[in-house]
Amino acid sequence: MSNVRYVYGLTSALLVGGAAISLMTGYPAGAQVAQNEGSVMNQVVPIEGAPASFADLTEQLQPAVVNIATRQSIQVDRNPFAGTPFAELFNRRRGGNNAPQTREAQSLGSGFIISADGFVVTNNHVVSPDNRATLEEITITMPDGTEYQAELVGADAASDLAVLKIQSENTFPFVNFGDSAATRVGEWVVAIGNPFGLGGTVTSGIVSAVYRNTGQGGAYDRFIQTDASINRGNSGGPLFDMRGNVIGINNAIFSPSGGSVGIGFAIPAEIAAPIVEQLRQGNEIERGFLGVSLEPMNDDLADSLGLPRNRGEMVQSVQDDSAADSAGLRAGDIIVSVNGQEVTSEQTVSFLVANIAPGENVAVDAIRDGNRISLNATLGKRPSEAELAQQQQTFDPDSEEPMAPDESDEMIAEKLGLQVLEMTPQIARSLGVDADTAGLVVGAVDPNSDAGRKGLRRGDIILSANYQAVSTIEGLREQITAAEAGDRDAVLLRIQRRGAPPRFLPVRLRQ
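Thresholds applied
Residues numbered from 1 in each chain as written. Predicted model: local features only at pLDDT ≥ 70, side-chain atom pairs only at ≥ 80, totals over all residues. Heavy atoms only, no water. Helix = DSSP H or I, 4+ residues; strand = E, 2+ residues; numbered from the N terminus. Buried < 20%, exposed > 50% of the residue type's maximum accessible area, 1.4 Å probe, protein only. Contact = heavy atoms within 4.5 Å. Phe/Tyr/Trp six-rings, centres within 6.5 Å; stacked < 30°, edge-to-face > 60°. Expected span 1.5 Å × (residues − 1). Polar contact = N/O pair within 3.5 Å; in protein donor to acceptor, adjacent residues only side chain to side chain. Arc of directions from axis to C-beta. pLDDT = per-residue confidence, 0-100. Salt bridge = Lys/Arg side-chain N within 4 Å of Asp/Glu carboxyl O.

### Overview of the overall build of the protein
- Looking only at helices and strands, the protein has 12 helices and 27 strands in total.
- By the burial criterion, 50% of the 511 residues in the protein qualify as buried.
- A separation of at least 24 residues holds for 66% of the contacts in the protein among residues at least 6 apart in sequence.

Pasting the structure below:
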């Protein structure tokens, strides 16, 4: 099953980015069905305060809440060296009997219909539960048990939102987004969904907090917190106010036990609605990008700098050639406002940048050496989530796990017994060498190879081969080919190791 996401730890460093969004409100409330002359069903508006019953409200809203089931195919490796450059070599030596197998997986979640022609909103992780999986089929089940096939119209991993379209000409009941900005702590809310596959389950509670930052980082770490019971399978389901408007999309829970403990999180409608509309229209979600790694202001950091608590975020690093770099931001700066909006734990730099489109010029106020400075930054376009993850990835030379196998090369693995990675500024920082160091980084060594017997290890840097500088995988391949063409049985490598001067090392080629 596709689970509601779980929030446990804290993330202190993040790359800033977000979507330019605006909220349109004023929709009629309650689940509706398109009628002749565009009329809608009567709206049910319970009395203010504690309701005597949620029954009338539920009766009108429940028809628009659906169960979402997906079927995916997943490639499963049987090779013990899967994900390393030695996988293919192992397959050949074992007769090729370790080819990946295709297995089927399923997931369950919730969603809600937002138009009479059958557009459905849910969480991205309901329909894209695993980056190894290929989505094969989506089935929508209505509360009365009727099933429809659906197609994925658009998905956005950063905000964890997705839009589906039911493949039918029928007219469907639907609900509308409300104004989550007007939501107050203590107001009653109702969640409808399919926890544990139990369709049409209704729970109630109150708004426990608005704009809760869970510490997970990112532009959209800004949730409505509720004590309405939310469990596995509630993902993507609606959180309603007492006027029948969707004020949140159930997304995550805090749970040491794995079940509901009364702390659930929903994506606010004011964030979700404009992104959903863009996805519904088939538009690409473009986000501004500042290009910094940040740490929230905690008590110790504030005390060490003599600054107010809960104000500002510290720049840990600045990406080369980014908007922040061009604007003159430096590591150690404390960003205190963006475009005149104060930076707080509830209103982070990520969130503020998320409301500004790429290409826009923004004013960034920061504190540097105790003085307030003002800078101007022209935001770039935010990379994809996969690209951001790669940018944030660090290289641990002491780890036993090979890293980024897709960047390695089968020929080099077979001939030298090495997995090599092209140098990046992130890897250079992890190894403690200059960012402009040119070479290839050893990611893994086959202990049965000549390189392994001669002591090469993960984290060593190959500066040259046969006296020719090598900074690309292709460059090392060329030197191996040249050695074989010259009837040489070894390649002369120049190796740089942390804390030691460079040295030349001949490595015999495997035949």
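### With respect to the packing of aromatic side chains
- Using the criterion set out here, one finds 5 aromatic pairs in the structure.
- When the ring of Phe 112 is compared with that of Phe 177, the centres are 5.9 Å apart and the planes differ by 80°; the resulting orientation is edge-to-face. Residue Phe 112 is found in strand 4 (residues 101-113), and its partner Phe 177 is found in the loop between strand 8 (161-166) and strand 9 (188-193); the two are separated by 65 residues along the sequence. Each member of the pair Phe 112 and Phe 177 is classed as buried.
- Between Tyr 467 and Phe 504, the aromatic rings sit 5.6 Å apart at their centres with planes inclined by 55°, giving tilted as the arrangement. Highlighted residues: Tyr 467 in the loop between strand 24 (461-465) and strand 25 (468-469) and Phe 504 in strand 27 (residues 503-508), separated in sequence by 37 residues.

### Points about helix 4 (residues 269-280)
- Here helix 4 spans 15 Å end to end across 12 residues, near enough to the 16 Å set by a 1.5 Å rise per residue.
- Among the 12 residues that make up helix 4, 9 are buried, leaving the element largely enclosed by the rest of the structure.
- Taken together, the buried positions of helix 4 are occupied by Ala 269, Glu 270, Ile 271, Ala 272, Ala 273, Pro 274, Ile 275, Val 276 and Leu 279.

### Section: the side chain of Ser 322
- Locating Ser 322 in the fold gives a position in the loop between strand 16 (313-318) and helix 6 (323-327).
- Within the structure, Ser 322 has its side chain in polar contact with the backbone oxygen of Gln 319 (distance 2.7 Å).
- Each residue touching Ser 322, except ones within four places of it in the same chain, is listed here: Leu 290 and Gly 291.

### Topic: the side chain of Lys 415
- Within the secondary structure, Lys 415 sits in helix 9 (residues 410-416).
- Among the residues examined, Lys 415 registers a relative accessible area of 17% and is labelled buried.
- Here the side chain of Lys 415 touches Glu 484 through a polar contact of 2.8 Å, side chain to side chain.
- If sequence neighbours within four positions are ignored, Lys 415 has contacts with Ile 480, Glu 484, Arg 508, Leu 509 and Arg 510.

### Some thoughts on helix 12 (residues 473-485)
- Along its 13 residues, helix 12 runs 18 Å from first to last C-alpha, staying within 8% of the 18 Å computed at 1.5 Å per residue.
- Within the span of helix 12, buried status applies to Ile 473, Gly 475, Leu 476, Gln 479, Ile 480 and Ala 483. Down the axis of helix 12, the buried side of the element spans an arc of 165°, and every buried residue falls inside it.
- At its buried positions, helix 12 is contacted by helix 9, strand 22 (418-422), strand 23 (440-445), strand 24, strand 25 and strand 26 (490-496).
- Among the residues trailing helix 12, Asp 487 stands out with phi positive, at a value near 60°.

### A closer look at the confidence of the model for the protein
- Scored by pLDDT, the protein comes out at a mean of 81, with 78% of its residues at no less than 70.
- Within the protein, no element has a lower average pLDDT than strand 2 (residues 15-19), which sits at 30, and none a higher one than strand 5 (residues 119-122), at 97.

### Considerations on the pattern of salt bridges
- Tallying each qualifying case throughout the model produces 13 salt bridges.
- A salt bridge links Asp 450 to Lys 454; its shortest N-O distance comes to 3.0 Å.
- Judged by relative accessible area, which is 10%, Asp 450 ranks as buried.
- One salt bridge in this structure joins Glu 474 and Arg 477, with 3.6 Å as the shortest N-O distance. On the criterion of helical spacing, the pair formed by Glu 474 and Arg 477 is a turn pair, its members being 3 residues apart in helix 12.
- For Arg 477, a relative accessible area of 27% translates into the label partly exposed.
- Through salt bridges that share partners, Glu 284, Glu 286 and Lys 381 make up one connected network.

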